Amino acid sequence: MQETEAVERARHEIEVCNACRYCEGFCAVFPALELRREFSAGDVSYLANLCHGCRGCYYACQYSPPHEWGINIPRALAEVRAESYVEYAWPPGFARAFERNGTLVSLVTALSIALVLILSMAISAPGQFFKARPMEADAFYSVIPLWAMQVVGLASFGYALLALWMGARNFWKDAGPAESVGVVALGIALWDVLTLKNLGGGQGVDGCNDNSERFSMRRRYLHHAMFYGFMLCFAATTVGFFYHSFFGWAAPYAYLSVPVVLGTVGGVLLTIGTIGLFAMKLIEDPMPVARRMLAGDVALLMLLAMSAITGLVLLAVRATGAMPLAMAIHLGFILALFLVLPYSKMVHGVYRSAALLRRATERNMKPLGGE
Ligand code: SF4
Ligand code: SF4
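Here's a quick rundown of the structure. Fair warning: this is a prediction, and the values are worked out from it, not measured in the lab.

### Observations regarding the overall build of the protein
A count of helical and extended segments in the protein gives 13 helices and two strands. Over its C-alpha atoms the protein spans a radius of gyration of 23 Å, differing by no more than 12% from the 21 Å that the globule rule assigns to 371 residues. For the protein, the spread of C-alpha atoms along the three principal axes comes to 75 × 40 × 35 Å. Within the protein, the proportion of its 371 residues that are buried is 50%. Here the contacts in the protein between residues at least 6 apart in sequence split such that 77% fall between residues at least 24 apart. Accessible surface for the protein amounts to roughly 17600 Å². Of this, 68% is attributable to carbon and sulfur atoms.

Here's what the structure looks like:
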């Protein structure tokens, strides 16, 4: 991680926290910083990605604005997080994708929809694009062949996974030598990730501060809805793939089949989570957040929401003449999602999980004395 103004500012603030230690029970960040007396840029990045942006320490801090010291840990760490996404991006030449991220997401989405639409219209026989295909086997594949869906889907998703893995590797190396990762640390980190423990508050409080000193579990629950909704949609696609590849059962499947139930529940949860988080952005206190990522955050939430909503619309119109158009638009959103995945706010889930794993490896280390 390069020494930048944001890193220096964050370092100064966490050094104040390391002397104060009032917030040590709030989240994983404070116990982790108490293991250190000096903070390299990599340490600052590690702590920044460990922070879940719950804002508890901002409203609790006696030195936060309007105090002259202006301590604002959530914003200072969010600024470093934003820079770390650029720094760790793979391949490095694509790091600029994080600048003007909202524009990039919108552009890739529009191009992906147009591409899939043109492709599917070209594949359909003339005059057949809007023909109703009432639940006949292989109805979807008469619009876009299965092989085309599989090749494009696997290539774009495989690339996204590779780029995310390389980014996580860059983060891990930058944070310096680590304790060895054992099964217990893996289990603890997995639990923290799956339960979003650090959005649950600490020291007898429940949840995050959305826009005031009041606590709420909204952010945690909406994140859960988004994450598990996404995972259920992924599970639905995977089950469909196995049905077709190993049993020869071609889509579309019955409303009560496993892939359709998983996809429907996942789509509804994903819609609720993304729209809810977007609504929270409209009411949040602007002081403890970094505004530079806002456009990219909103664009990604909209992309996720539209991926879910268009999937539900496709389910509703699949036996009508609107199915080919609905499918082309839905697949366009999915393609865009896979393409921007490693260059969007989605990376925060990967780096935060890696930071939680690192924190779990440090769990038996004793804090150094305060200053
Ligand atoms: S955020 Fe403020 S109150 Fe909390 S540890 Fe830091 S300086 Fe102390
Ligand atoms: S904002 Fe929340 S998660 Fe981040 S350092 Fe403060 S208390 Fe911890």
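### A short note on the packing of aromatic side chains
Applying the stated rule across the entire model yields 16 aromatic pairs. Centre to centre, the rings of Tyr 243 and Tyr 253 are 5.4 Å apart; their planes meet at 85°, and the pair counts as edge-to-face. On the criterion of sequence distance, the pair formed by Tyr 243 in helix α9 (residues 218–247) and Tyr 253 in the loop between α9 and α10 (258–283) is long-range, its members being ten residues apart. Residue classification places Tyr 243 among the buried residues on the basis of a relative accessible area of 17%. Judged by relative accessible area, Tyr 253 falls into the buried class, the value being 12%. The positively charged end of Arg 318 is found above the aromatic ring belonging to Tyr 255, 4.4 Å away from the centroid. The residue whose ring lies beneath Arg 358 is Tyr 46, and the NZ or CZ to ring-centre distance is 5.8 Å.

### A few points about the nonpolar core
Core analysis: the largest hydrophobic core is formed by 70 residues, its most contacted members being Val 29 and Phe 30. With seven residues, helix α5 (residues 73–88) is the single largest residue contributor to this core. Both domains that furnish three or more residues to this core are identified here as domain 1 (5–88) and domain 2 (92–361). Setting aside residues up to four positions removed in sequence, Val 29 forms contacts with Leu 47, Leu 50, Cys 51 and Leu 77.

### Considering the site of ligand 2
Contacts to ligand 2 come from Phe 26, Cys 27, Val 29, Phe 30, Cys 51, His 52, Gly 53, Cys 54, Arg 55, Cys 57, Ile 73 and Pro 74. Cavity membership is defined here by more than half of the atoms lying within 2 Å of grid points; on that basis ligand 2 lies in the second largest cavity. Of all the elements in the fold, those that place two or more residues in the shell around ligand 2 are α2 (29–33) and α5. A breakdown of the residues in the shell around ligand 2 according to their chemical character gives nine nonpolar, two polar and one charged.

### Points about unusual backbone geometry
A cis amide bond links Pro 65 to the next residue, Pro 66, at an omega of 15°. For Pro 66, the position within the fold is in the loop between α4 (56–60) and α5. With an omega of 5°, the peptide bond between Ala 251 and Pro 252 qualifies as cis. Turning to its location among the elements, Pro 252 is positioned in the loop between α9 and α10. With a phi angle near 65°, Arg 21 is a residue other than glycine that sits in the positive phi range. Phi at Arg 55 is positive, roughly 75°, even though this residue is not glycine. Looking at the element boundaries, Arg 55 is found in the loop between α3 (41–50) and α4. Relative accessible area serves as the criterion here: at 7%, Arg 55 is assigned to the buried category.

### Some thoughts on the environment of Arg 96
Mapped onto the fold, Arg 96 is located in the loop between α5 and α6 (101–123). Judged by its relative accessible area of 61%, Arg 96 is exposed.

### Observations regarding helix α1 (residues 5–20)
Look at α1: 23 Å from first C-alpha to last across 16 residues, which is about the 22 Å you get at 1.5 Å a residue. When α1 is considered as a whole, its buried residues turn out to be Ala 6, Val 7, Ala 10, Arg 11, Glu 13, Ile 14, Val 16, Cys 17 and Asn 18. Following α1 by one or two positions, Arg 21 has its phi on the positive side, about 65°.

### Side note on the site of ligand 1
Taken together, Val 16, Cys 17, Cys 20, Arg 21, Tyr 22, Cys 23, Phe 30, Cys 57, Cys 61, Gln 62 and Tyr 63 make up the full set of residues near ligand 1. Put simply, ligand 1 lies in the largest cavity. Of the residues forming the shell around ligand 1, the biggest block, three residues, is contributed by α1.

### Re empty space enclosed by the protein
Gaps between atoms show up when a probe of the same size as a water molecule is rolled over them. This model, assessed by the stated rule, comprises four cavities of 30 Å³ or more. For the largest cavity, the calculated volume is near 120 Å³. Contributing to the lining of the largest cavity are 15 residues, with Cys 17, Cys 20, Cys 23, Cys 61 and Ile 71 lying nearest its centre. When residues of the lining of the largest cavity are traced back to their parent elements, those giving at least two are α1 and α4. The class makeup of the residues in the lining of the largest cavity is 13 nonpolar, one polar and one charged. Of the voids in this model, the second largest cavity is the one considered here, and its volume is about 90 Å³. Lining the second largest cavity are 14 residues, and of these Cys 27, Cys 51, Gly 53, Cys 54 and Cys 57 lie nearest its centre. Those elements that place two or more of their residues in the lining of the second largest cavity are α2, α4 and α5. Of the residues forming the lining of the second largest cavity, the biggest block, three residues, is contributed by α5.

About the criteria used
Residues numbered from 1 in each chain as written. Chains lettered and ligands numbered in written order. Predicted model: local features only at pLDDT ≥ 70, side-chain atom pairs only at ≥ 80, totals over all residues. Heavy atoms only, no water. Helix = DSSP H or I, 4+ residues; strand = E, 2+ residues; numbered from the N terminus. Rg over C-alpha atoms; globule rule 2.2 N^0.38 Å. Buried < 20%, exposed > 50% of the residue type's maximum accessible area, 1.4 Å probe, protein only. Contact = heavy atoms within 4.5 Å. Areas by Shrake-Rupley, 256 points an atom, 1.4 Å probe, with all protein chains shown as cover. Phe/Tyr/Trp six-rings, centres within 6.5 Å; stacked < 30°, edge-to-face > 60°. Lys NZ or Arg CZ within 6 Å of the ring centre and 35° of its normal. Core = buried A, V, L, I, M, F, W, Y, C linked by side-chain atoms within 4.5 Å. Domains from an automatic or database assignment. Near = heavy atom within 4 Å. 1 Å grid on protein atoms, 1.4 Å probe; cavity = no way out; pocket = protein on both sides within 12 Å on 5 of 7 lines; lining within 4 Å. Sits in = over half its atoms within 2 Å of the grid points. Nonpolar A, V, L, I, M, F, W, Y, C, P; charged D, E, K, R; others polar. Expected span 1.5 Å × (residues − 1). Points joined across faces, edges and corners; volume = space filled by probe spheres on them.

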